[in-house]
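Read off the chains here:
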Amino acid sequence: MLKGLYTAYTGMVNEQNRMDVLTNNLANSATVGYKKEGATSQSFDTVLVDKIKDGSEDVRTARRIGQGNPGVKVGEGYTDYSQGAFRVTDNNYDFALSGDGFFTVEFTNKNGETSTMYTRDGNFTVTADGYLVTTDGDYVMARGANNSSERIKVNPNEAIVVDQQGRIMQNNQMVAQMKITNFNDYNYLEHYGENYYVPVEGAELELATDCKVFQGYLETSNVSIVSEMVEMISVSKQYEANQKLIQTYDSSLQIAANQLGKI
Amino acid sequence: MVRSLWSAATGMMAQQTAVDTISNNISNINTTGFKTSQNEFKSLLYQELQAETTSANGETKPIDSQVGLGVRSSSITTIFRQGSMLESPSASAFAIEGNGFFSVKGNDGNTYYTRNGNFNISIGRNGLELTTTEGNPVLDTRGQPIVFQGTLTASNITVTGDGEFCYLDDKGNPASMGIRIGISQFNNPAGLEKLDSSLYKVSAASGNPINEATATNIQKSTIVQGYLEGSNVQLADEMVNLIVAQRAYEANSKAITTSDTMMGQANQLKQ
């Protein structure tokens, strides 16, 4: 069959994947701490194209006629970790991070297993027992001794004041210091959902050095609707172009199958 | 194929919830003691788009390429910011400055809490009684309805900053009546269950009420007579949030239209 038919097909599949990624950006355009994601397109490995032997060529060698490229695929998924704008909420338990770093959260799944996850979403609350938790009830972590993490327990009857280093003060006494974690290479961060990131094997964790905590603010999503809309136009038009190519191949094949050889 | 369609649908539903919350806030902009709510979102789970991915210069990336499945509304948080004090000609209008709540006995006999201090002095079975505008008795520090014994002139009843009722004698000197308005605080007021008529109900998340009269080391609230606490809704904030929600809704609907067009084009492939 014609090679180009499959090339155009990979083009359509790839544009659909890009559409999926950008729609998720749009859906999360008002999600706290959300970071824009994207997928690059990459060509398949090039292959050598040979002319199939026929009578015009030497019997032993196939004539090389150049290189072909059988299509396109997703190159890599990337996340744009640039800073989102701040939104004032005046809520004592809302926090935003400025700079490179993540809040450390002890996540409990449905089976009751706990794991450590990282998030830029600082929309927290305090339980009746005084623990600082996310809106889903996962514990926010503080720095413990020897680089360990511990849950943050405050006196729920008193207001908390948090400075830019993440130190939580009550009655001018430091109660705990939020554990703000940073990663050497963000390529080792996987998305979990629920605004969480999970490091994969090989990730190097460190305490964030140039990251400030702001109390009473939330970091908005860094999705720009304009660029997503422009990309949506480009996706839909490239999808259409690939579709037209397939239709063209289809009509050529139709001629080959039905009209050739007619007397 | 349907992934983008459904992601956009979750986006539209989440923004719809946001608009619902905002319109409820705006409609309560003149409700006494109303506290504004705010909607927050969380992303849904992620799927693998392609297992092996390589960067532009051909190196294999440590993670696979992922695609998220949309968004959900994660919480609607009540913001208990102090509302502004509005003067009221009524002597039985009270406002709380601080974190406390008035307690009110409901029709079912349970105690409910409110920031709305627009009370009435009505004639009850045992004499003059302090009630809400719905007629439910307001409770004192011991959880008993506030009843004034004897024949009194309602306009001569005054209340001090800590909630103590006083009665003015002929010369205008206040004498304590031995009754104090009950004020309760909560560990986590955002966990209170919201009911109609500006009432709140205790829930597991809010913790038990802390009686300001008996509790030590809490910051006590002040009662202001002749004032009502206005709603803490900030119209400018709500309008900005409304613009964001509406435009996000629109963008998601465009994504649905585009996905639909793409599906239509795929269907046209076979002639």
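Just so it is clear, the structure is predicted and the values come from calculations on it, not from any experiment.

**Here we look at the overall build of chain B**
A count of helical and extended segments in chain B gives 2 helices and 20 strands. For chain B, the C-alpha radius of gyration of 27 Å lies well beyond 18 Å, the compact-globule estimate for 271 residues. Put simply, chain B has 271 residues, and 46% of those count as buried. Taking as baseline every contact in chain B between residues at least 6 positions apart, the subset at least 24 positions apart corresponds to 61%. Put simply, chain B shows about 13000 Å² of open surface, and 51% of that area lies on carbon and sulfur atoms. Looking at chain B, you have 18 positive and 24 negative side-chain charges, and the mean spots of the two groups are 3 Å apart.

**Examining the domain arrangement of chain A**
Residues and elements named next belong to chain A. Domain annotation for chain A reports domain 1 (3-81 + 223-262) and domain 2 (87-219). Each of domain 1 and domain 2 was reduced to a C-alpha centroid, and the two centroids are 42 Å apart. With 7 residues of domain 1 at the interface, the matching set in domain 2 holds 11 residues. Interface of domain 1 and domain 2: buried area, both sides summed, is about 860 Å²; carbon and sulfur atoms make up 53% of it. Where domain 1 meets domain 2, there are 1 salt bridge. Residue Glu 219 pairs with Lys 35 through a salt bridge whose shortest N-O separation is 2.5 Å.

**Some details on the pairing of strand 13 (residues 164-168) of chain B**
All names here are of chain B. Along strand 13, 4 of the 5 residues are buried, which leaves the element largely enclosed by surrounding structure. Across 3 bridges, the pairing between strand 12 (residues 157-159) and strand 13 is antiparallel. Residue Val 159 lies in a different strand from strand 13, and its bridge partner there is Phe 165. Here strand 12 folds back onto strand 13, and the loop between the two strands holds 4 residues, one of which, Gly 163, carries a positive phi near 90 degrees. Note that strand 13 and strand 14 (residues 174-180) share 4 bridges and pair antiparallel. Looking at the pairing, Glu 164 lines up with Arg 180 of strand 14. The turn joining strand 13 and strand 14, which pair antiparallel and follow one another in sequence, is formed by 5 residues; a positive phi near 85 degrees is taken by Gly 172.

**As for the sheet that holds strand 13 (residues 161-162) of chain A**
Residues and elements named next belong to chain A. Overall, antiparallel pairing links the 3 strands, which are arranged 13-14-15 in an open sheet. The open sheet has two free edges, formed respectively by strand 13 and strand 15 (173-177), since each of these has just one partner strand. With 2 bridges joining them, strand 13 and strand 14 (residues 167-170) adopt antiparallel strand pairing. In the sheet register, Val 162 faces strand 14, and the bridge partner there is Ile 168.

**Thoughts on the domain arrangement of chain B**
One frequently used descriptor of interface size is the decrease in accessible area upon assembly of the parts. Residue and element names in this part refer to chain B. By domain assignment, chain B separates into domain 1 (2-79 + 234-268) and domain 2 (85-229). Spacing between the C-alpha centres of domain 1 and domain 2 amounts to 42 Å. Taken together, the contacts link 7 residues of domain 1 with 8 residues of domain 2. Overall, the association of domain 1 and domain 2 removes approximately 690 Å² of surface from exposure, summing both partners, and the carbon and sulfur fraction of that is 46%. Counting the surface domain 1 buries against domain 2, the share from its top three residues, Thr 32, Gly 33 and Lys 35, is 69%. Where domain 1 touches domain 2, the interface holds 1 salt bridge.

Procedures and definitions
- Residues numbered from 1 in each chain as written.
- Chains lettered and ligands numbered in written order.
- Predicted model: local features only at pLDDT ≥ 70, side-chain atom pairs only at ≥ 80, totals over all residues.
- Heavy atoms only, no water.
- Helix = DSSP H or I, 4+ residues; strand = E, 2+ residues; numbered from the N terminus.
- Rg over C-alpha atoms; globule rule 2.2 N^0.38 Å.
- Buried < 20%, exposed > 50% of the residue type's maximum accessible area, 1.4 Å probe, protein only.
- Contact = heavy atoms within 4.5 Å.
- Areas by Shrake-Rupley, 256 points an atom, 1.4 Å probe, with all protein chains shown as cover.
- Lys, Arg positive; Asp, Glu negative; His and termini not counted.
- Charge placed at Lys NZ, Arg CZ, Asp CG, Glu CD.
- Domains from an automatic or database assignment.
- Buried area = accessible area lost by both parts, 1.4 Å probe.
- Salt bridge = Lys/Arg side-chain N within 4 Å of Asp/Glu carboxyl O.
- Pairing = 2+ DSSP bridges.

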